[in-house]
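# Breakdown of the fold
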Amino acid sequence: MSSTFSPAGKPCISVSNGKFPSRKSTVTRAEVTMAPQHRSTRTFPALLKHGIPLADLHVQEIVERQSHNNNSGREDPCRKPEFQPMFLEEAYESCRKICAEYAKTFYLGTLLMTEERQKAIWAIYVWCRRTDELVDGPNAGYMSPAVLDRWEERLQDIFYGRPYDMHDAALADTVFKFPLDIKPFKDMIEGMRMDTRKCRYENFQELYLYCYCVAGTVGLMSVPVMGIAPDSLVSAQGVYNAALYLGIGNQLTNILRDVGEDASRGRVYLPQDELAQFGLCDNDVFSRKVTDRWREFMKEQITRARFYFNLAEVGASQLDKASRWPVWSSLLLYRMILDSIESNDYDNLTKRAYVGRTKKLLMLPLAYTRSLSRHSLILN
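Residues numbered from 1 in each chain as written. Predicted model: local features only at pLDDT ≥ 70, side-chain atom pairs only at ≥ 80, totals over all residues. Heavy atoms only, no water.

So, about the overall build of the protein chain. Scanning the protein chain for helices and strands turns up 17 helices and zero strands. Looking at the 380 residues of the protein chain, the share that counts as buried comes to 56%. Once local pairs closer than 6 in sequence are excluded, the contacts in the protein chain between residues at least 24 apart make up 79%. Surface accessibility of the protein chain: about 16400 Å² in total, with carbon and sulfur atoms responsible for 53%. (Helix = DSSP H or I, 4+ residues; strand = E, 2+ residues; numbered from the N terminus. Buried < 20%, exposed > 50% of the residue type's maximum accessible area, 1.4 Å probe, protein only. Contact = heavy atoms within 4.5 Å. Areas by Shrake-Rupley, 256 points an atom, 1.4 Å probe, with all protein chains shown as cover.)

Now the structure itself:
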């Protein structure tokens with residue numbers, strides 16, 4: 001599993017930390033506040049909810065660069081992409097169709113956005129999907145470090161207004177129109193590199209870094225396009241943090257949903273030290289036997305994912321009004337996936353949690369109602 005866009009597992013090559021070697025061992029403090037524990041007694045330990053400090057991910061620098069009214073690319077006429085209007089319309093229409101086919105619920109939510117924002121979000125979605133498919137798609141067998149290196153060079157060309165194909169052109173146009181920083185895009189590519197090097201994650205800090213790269217980055221890419229409400233109740237940094245936390249929650253949910261599928265490919269995305277705390281190991285995952293220990297372990301994993309969704313609510317209610325619906329739709333849909341795991345008696349080893357079409361459609365009005373509220377709970 002690689003990202004929020006329906007990932008699947010890959011063959012394991014070796015274990016490495018990619019380009020973030022120091023964060024694994026140096027993280028000693030929590031980035032987010034511990035949620036209160038509601039049970040007075042427990043047989044098993046509560047899991048820590050903290051990840052890597054946002055300062056280590058340089059999120060503040062990204063926020064500062066993306067908060068400027070003008071992108072650096074706009075200031076350089078050499079970077080301005082020149083396209084025939086019909087070609088550009090065709091490029092965005094292709095992005096729209098891909099988003100509508102593969103992210104139906106999210107796509108419906110984008111229909112309330114302004115046309116310019118719609119197109120930009122569709123272009124970003126397609127780039128993220130194509131990046132994910134490099135390691136998860138039908139041609140993943142041809143994956144090599146050189147492929148990802150070339151993809152990163154191609155990304156740089158996009159930001160310089162030199163697209164390779166139609167979908168690149170849509171993103172190049174988006175980059176020119178909105179103050180998008182290249183770092184979240186590069187970090188996503190780094191997440192793909194991690195996915196080709198790592199079979200296991202020793203602790204939650206390692207897993208958090210992976211979740212940030214493949215999913216948290218999507219939130220950082222999206223905020224400049226979706227826009228922050230002029231009368232937002234929280235700072236721009238707070239909105240960006242919340243967007244990142246939504247990506248973390250989504251990816252943690254993907255991991256819990258796909259435990260059995262990933263195990264069939266020899267991959268375990270659950271932190272090894274936390275499995276050990278519950279008296280579990282990889283063999284328990286591969287045996288596909290749902291025991292009481294497994295259920296207790298899953299309860300804590302689900303609690304942590306919900307913790308990040310709670311943090312994400314802060315930003316979801318502070319985006320531009322027309323942009324909130326797709327975010328709330330994603331947030332509520334992924335919460336429903338966690339509910340489905342619980343309904344399956346925590347059997348995500350032989351069953352894949354699924355939210356049916358009817359439930360999704362019934363959720364959309366609720367997401368719309370929540371998107372109208374400006375006074376969601378502000379977490380301190």
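Next comes the rest of the description.
Joining two cysteines, a disulfide is a covalent bond between their sulfur atoms. According to the stated counting rule, one finds zero disulfides in the structure shown. Cys99 carries a free sulfur, and the closest cysteine sulfur to it, the one in Cys95, is 9.1 Å from it. (Disulfide = S-S within 2.5 Å.)

Any aromatic ring pair is given by two values, namely how distant the centres are and how the planes are angled relative to each other. For the structure on display, the rule yields 15 aromatic pairs. Look at Tyr201 and Tyr269: their rings are 5.9 Å apart centre to centre, the planes differ by 20 degrees, and that puts the pair in the stacked class. Note that Tyr201 is positioned in the loop between helix 9 (183-197) and helix 10 (204-226) and Tyr269 in the loop between helix 12 (259-263) and helix 13 (272-277), a separation of 68 residues in sequence. Feature note: the residues Phe204, Tyr208, Tyr245, Phe307 and Tyr308 constitute an aromatic cluster, connected by ring pairs. (Phe/Tyr/Trp six-rings, centres within 6.5 Å; stacked < 30°, edge-to-face > 60°.)

So, about helix 11 (residues 236-257). In an α-helix, one full turn covers 3.6 residues, which means residues spaced three or four apart are oriented alike. For helix 11, spanning 22 residues, the distance from its first C-alpha to its last is 32 Å, which sits close to the expected 32 Å at 1.5 Å a residue. Counting buried positions along helix 11 yields 19 of 22 residues, so the element is predominantly enclosed. (Expected span 1.5 Å × (residues − 1).)

A surface patch of nonpolar side chains, about 230 Å² in accessible area, is lined by Leu108, Leu111 and Leu361. Residue position: Leu361 is located in helix 17 (residues 357-372). A relative accessible area of 43% places Leu361 in the partly exposed class. (Patch = residues over 30% accessible without salt bridge, like charges linked within 9 Å, V, L, I, M, F, W, Y side chains within 5 Å. Salt bridge = Lys/Arg side-chain N within 4 Å of Asp/Glu carboxyl O.)

Our next topic: the side chain of Thr253. Secondary-structure assignment places Thr253 in helix 11. Here Thr253 falls in the buried class, since its relative accessible area comes to 0%. Not counting residues up to four positions away in its chain, the partners in contact with Thr253 are Ala305, Phe309, Tyr334, Ile337 and Leu338.

It is worth spelling out the environment of Ala140 at this point. Examined against the element boundaries, Ala140 turns out to sit in the loop between helix 6 (115-136) and helix 7 (145-159). By relative accessible area, which is 21% here, Ala140 ends up partly exposed. Leave out the neighbours within four places in its chain, and Ala140 touches Leu134 and Val135.

Our next topic: the packing of helix 7 against helix 9. The geometry of helix 7 relative to helix 9 is characterised by a closest axis approach of 10 Å and an angle of 170 degrees between their N-to-C directions. It follows from the interaxial angle that helix 7 and helix 9 lie roughly antiparallel. Touching Leu148, Asp149, Trp151, Glu152, Leu155, Gln156 and Phe159 of helix 7 are Phe185, Lys186, Ile189, Met192 and Arg193, all from helix 9. Of the residues that constitute the contact of helix 7 with helix 9, the class distribution is seven nonpolar, one polar and four charged. (Axes fitted to C-alpha atoms, helices over the stretch in contact; angles between N-to-C directions. Parallel < 35°, antiparallel > 145°, perpendicular 65-115°, else oblique. Nonpolar A, V, L, I, M, F, W, Y, C, P; charged D, E, K, R; others polar.)

What follows deals with unusual backbone geometry. In this structure, Arg288 is a non-glycine residue whose phi angle is positive, near 60 degrees. Residue placement: Arg288 occurs in the loop between helix 14 (282-287) and helix 15 (292-316).

This part is about the pattern of salt bridges. When the charged atoms of two side chains with opposite charge come close together, those side chains can pair. Applying the stated criterion to the full structure yields 33 salt bridges. The closest approach of N and O atoms between Arg193 and Glu190, which form a salt bridge, is 3.2 Å. Residue Arg193 and its partner Glu190 are located together in helix 9, separated by three residues, close to a single helical turn. Relative accessible area serves as the criterion here: at 3%, Glu190 is assigned to the buried category. For Asp258, the salt bridge goes to Arg352, with nearest N and O atoms at 3.2 Å. Of this pair, Asp258 sits in the loop between helix 11 and helix 12 while Arg352 sits in the loop between helix 16 (324-343) and helix 17; the two residues are 94 residues apart in sequence, bridging distant segments of the chain. Residue class for Asp258 comes out buried when judged on its relative accessible area of 1%. Overall, Arg352 belongs to the partly exposed group, its relative accessible area being 43%.

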